[in-house]
Structures are given as structure tokens and as C-alpha cells.
Amino acid sequence: MKEKESAPTTADEGTKTTATNNTTVDAQPSTSSKGLGLGALSNEHLAELRASGISDEVIASCGAYTAYTVEDLPEPLQWIGRFKDAFPVLVFELQEAGQGTTWQVKPQPGAVVFADGRAPKYIGPSKDSGYPVPSLIVRRAVHAGTRRVLLVEGMKQSLAVVSVTDDDTAVYCLPGITSWQGGDAGPSPEFQLVGGLPTFIIADADAAKNRLVYDGAHGLGTLCRQWGASPVRFVNAPGGGK
């Protein structure tokens with residue numbers, strides 16, 4: 001949990017950058033085993049996840065893999081291959097609560113730049129893609145033996161939390177601290193899963209200084225109470241980021 005993650009971006013192809021026809025990196029195998037074990041990741045991506053406090057067991061089962069070519073990318077995000085130097089891309093295959101499979105991808109830093117000058121760290125499917133926009137990602141689902149629910153901001157931080165908690169702790173990932181708001185459709189009804197359970201919200205470490213993070217976390221707490229979570233508590237994440 002050493003590297004600070006920025007809030008993910010959902011986007012389509014309307015961007016401006018150094019896009020070219022260069023869509024692969026040299027002499028790398030195609031990733032056909034998407035997320036199946038440590039071997040689906042490049043050495044660099046594996047080292048990155050390990051450095052974030054994620055156990056090998058969790059890495060091997062979390063659906064993360066390295067994409068080396070356009071064909072390795074999820075269909076709604078293959079447009080990223082138009083950008084020079086985007087590869088290799090770290091791909092997270094995810095399960096959006098109640099909706100099914102979606103993704104977040106992390107291209108090489110600064111390789112994807114939008115028309116407004118933003119260079120997002122993480123990118124997910126757009127709302128018009130036909131795939132779920134990530135907002136409430138299942139890391140360890142609620143089940144009959146669940147004693148508490150942790151709602152964790154950050155792709156890697158949520159995996160680190162899974163690595164150090166037991167099966168009686170359900171863990172869900174919030175790609176960004178305001179992603180729970182759900183855009184035009186409003187918050188996902190799947191937040192009802194917190195009903196009757198102690199719920200802990202783990203926001204970015206700068207919540208005390210960043211008003212947007214603070215407000216996002218407290219808005220989420222209000223939503224959880226509306227769905228019957230009790231008690232709702234806020235946990236300060238250690239370190240400087242997610």
C-alpha cells in the first residue's frame with residue numbers, strides 16, 4: 001500500500017494524445033490465461049502488487065493479468081491500444097456486485113492522455129459500453145458466516161485488506177470514494193448487503209485533509225445506515241495512499 005492510487009476514469013475513444021498504430025510490445029507472449037495464477041503477470045506487475053501488501057495467494061486468484069497486445073485487453077477497453085507506449089497494461093478482471101464481469105486497467109504512466117489533458121492511472125468501461133461501470137466490486141462476498149463488512153477505496157488496497165482478513169470479513173472495493181454514487185442511476189441497490197452488519201469504511205489516507213474524500217466517505221456512511229448497517233465506522237488507512 002505504498003503507491004498512491006488515483007480515482008479511476010471511465011472513458012471511450014474521444015481522446016487526444018500520442019496515439020499511433022503501435023499496439024504491442026516486442027517478444028512478449030499473449031496472455032491467454034487471464035488472471036489464472038502468478039504467471040499471468042509480468043515480473044514488474046507482480047512486484048508492484050507484492051509491494052502493495054498483497055499476498056501471493058490473493059494475487060493468484062484476484063483476476064489480475066498483464067496485457068501485452070490489443071487482443072489481451074477486455075473488449076470495451078481495446079481502444080487503449082491506439083496509444084503509443086500503453087503496453088504492457090495491468091488488467092483487473094472484476095465482479096461488480098449484482099451485475100457481473102467488468103474491468104479496470106492500468107496502462108503505462110502517462111501513455112493515455114485525454115483531450116482535456118488528464119492522464120488517468122486507471123480506466124474502466126464507459127456507461128455506454130454495455131458493461132458495468134465499476135462501483136461496488138466484490139473481493140470477498142457476504143455469506144451466512146459474515147460478521148462484518150469492509151468497504152475499501154482502491155483497487156490494490158482492497159486486495160491488501162483481503163490478504164490480512166479472515167473469511168468472516170466481507171470485503172468490497174470502491175474504485176473511487178465517490179463511485180458508490182452511481183452516476184445518473186444513483187447508488188447500486190446491492191449496498192443492501194450491509195444490512196444488519198457492522199460496516200467499516202476505509203477511505204484514502206488523506207481523508208482528513210482532502211474534503212472530497214471526507215465528504216465521499218461520509219456520504220457512503222449515510223447510505224450504509226439507510227440500508228441498515230450498524231454500527232458504521234470509519235477507519236484511517238496507514239501510509240500515504242491506497
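Shown above is the structure to which this text applies.
On a predicted model such as this, the values are computed, not experimentally measured, just so you know.

A. A look at the packing of aromatic side chains. Summed over all chains, the structure comprises 3 aromatic pairs. Pairing W79 with F83 gives two aromatic rings, centres 6.0 Å apart and planes at 75°, and the pair type is edge-to-face. Just as W79 is buried, F83 falls in that class too.

B. Region of interest: helix α3 (residues 155-163). Among the 9 residues of α3, 8 are classified as buried, and the element is accordingly described as predominantly covered. Buried within α3 are the following residues: M155, K156, Q157, S158, L159, A160, V161 and V162.

C. Quick peek at the environment of L38. For L38, the position within the fold is in the loop between β1 (9-10) and α1 (43-51). A relative accessible area of 26% places L38 in the partly exposed class. Counting along the chain gives 20 residues from L38 to V58, while the straight-line C-alpha distance between them is 9.7 Å. Apart from residues no more than four positions distant in its own chain, L38 is found in contact with L46, R50, D56, I59 and A60.

D. Expanded view of the nonpolar core. Ranked by size, the top nonpolar core spans 24 residues in total, and within it L41, L49, I54 and F92 carry the most contacts. Of all elements in the fold, only α1, α2 (56-61), β3 (89-96), β7 (148-153), α3 and β8 (169-174) reach the threshold of two or more residues within this core. With 5 residues, α3 is the largest single contributor of residues to this core. If you look at the next biggest cluster of nonpolar residues, it comprises 22 residues, including A170, Y172, V213 and L220.

E. Region of the structure containing the pattern of salt bridges. Scanning the entire structure with this criterion turns up 8 salt bridges. Measuring nitrogen to oxygen at the nearest pair gives 2.6 Å for the salt bridge that ties K106 to E48. Here the residue K106 occupies a position in strand β4 (residues 100-106), and E48 occupies one in helix α1, the gap between them amounting to 58 residues. Looking at K106, the relative accessible area reads 8%, which means it is buried. R50 is paired through a salt bridge with D56; the nearest N and O atoms lie 2.8 Å apart.

F. Seen up close, the side chain of T146. Here T146 shows up in the loop between β6 (137-140) and β7. Separated by 2.8 Å, the side chain of T146 and the backbone nitrogen of H143 make a polar contact. Apart from the residues lying within four places of it in its own chain, the contact partners of T146 are A141, D168, A170 and L197.

G. Spotlight on unusual backbone geometry. With an omega of -5°, the peptide bond running from F87 to P88 counts as cis. Along the chain, the position of P88 falls in the loop between β2 (64-67) and β3. Cis rather than trans, the peptide bond between S230 and P231 has omega equal to -10°. Considering the arrangement of structural elements, one finds P231 in the loop between α4 (211-226) and β10 (232-235). Located in the positive-phi region is D85, a residue other than glycine, with phi close to 70°. Mapped onto the secondary structure, D85 falls in the loop between β2 and β3.

The rules behind the values
- Every residue gets a number counted from 1 within its own chain, in the order that chain's sequence is written.
- Confidence filtering applies because this is a predicted model: local features only for residues at pLDDT of at least 70, side-chain atom pairs given and counted only at 80 or more, and all residues used for totals across whole chains, interfaces and linings.
- Side-chain metrics rest on all non-hydrogen atoms present in the structure, leaving aside hydrogens and water.
- Pairs were defined over the aromatic rings of Phe, Tyr and Trp, the Trp ring being its six-membered one, requiring ring centres within 6.5 Å. Orientation was assigned from the angle between planes: stacked under 30 degrees, edge-to-face over 60, tilted for the rest.
- Categorising residues by exposure relies on relative accessible area from a 1.4 Å probe, with only protein chains included: less than 20% of the type maximum marks a residue as buried, more than 50% marks it as exposed, and the intermediate range marks it as partly exposed.
- Each helix is a run of H or I in the DSSP string that is no shorter than four residues. Each strand is a run of E no shorter than two, and both are numbered from the N terminus.
- Whether two residues touch is decided by their heavy atoms; if any such pair falls within 4.5 Å, the residues are in contact.
- Throughout this description, the term nonpolar core refers to a set of buried Ala, Val, Leu, Ile, Met, Phe, Trp, Tyr and Cys residues connected via side-chain atoms within 4.5 Å.
- Here, a salt bridge means any Lys or Arg side-chain nitrogen found within 4 Å of an Asp or Glu carboxyl oxygen.
- Polar contact criterion, stated in full: a pair of N or O atoms within 3.5 Å, where within protein one must be able to donate a hydrogen and the other to accept it, and residues adjacent in sequence count only if both atoms are side-chain atoms.

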